[in-house]
Amino acid sequence: MSEKPEILNQVLADLISDQIELRHANELRAVLSTGNEITMHGKFTVGRDFIIYRTTKDDSGKWAMTPFSHIVQLII
């Protein structure tokens, strides 16, 4: 019988933050519940239930926020 994983109470935000840091990611792609796909550009702010990112690659890009509840698939 397999035991439970050692990591407990680690929320999605923590897991995503760790992966962004480990992979030196500056771009994430996500499929939303609406069926739309978005590309998010770093640097990212990952909150407990949302992610804040730039909408374009250059510095003139606006900041956007997407709640995790709207994300169906996240590609890091």
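Please refer to the structure placed before this passage.
So, how was this worked out
- Residues numbered from 1 in each chain as written.
- Predicted model: local features only at pLDDT ≥ 70, side-chain atom pairs only at ≥ 80, totals over all residues.
- Heavy atoms only, no water.
- Helix = DSSP H or I, 4+ residues; strand = E, 2+ residues; numbered from the N terminus.
- Buried < 20%, exposed > 50% of the residue type's maximum accessible area, 1.4 Å probe, protein only.
- Pairing = 2+ DSSP bridges.
- Axes fitted to C-alpha atoms, helices over the stretch in contact; angles between N-to-C directions.

(A) Focus on unusual backbone geometry. Along the chain, G42 connects to K43 via a cis peptide bond; the corresponding omega equals 10 degrees. Of note, H24 is a non-glycine position whose phi angle comes to about 50 degrees, a positive value. Its place among the elements puts H24 in the loop between helix 1 (12-22) and strand 1 (27-32). The exposure class of H24 is exposed, given its relative accessible area of 70%.

(B) Fine view of the sheet that holds strand 4 (residues 63-67). If you trace the five strands from one edge of the open sheet to the other, you get 4-3-2-1-5, paired in antiparallel fashion. Every other strand in the sheet has two partners, leaving strand 4 and strand 5 (71-75) as the edge strands with one partner each. Looking at each pair of strands side by side, their axes are set apart by 45 degrees on average, direction ignored. In the sheet, strand 1 pairs with strand 5 via four bridges, with the strands oriented antiparallel. Directly across from R29, in strand 5, lies its bridge partner I75.

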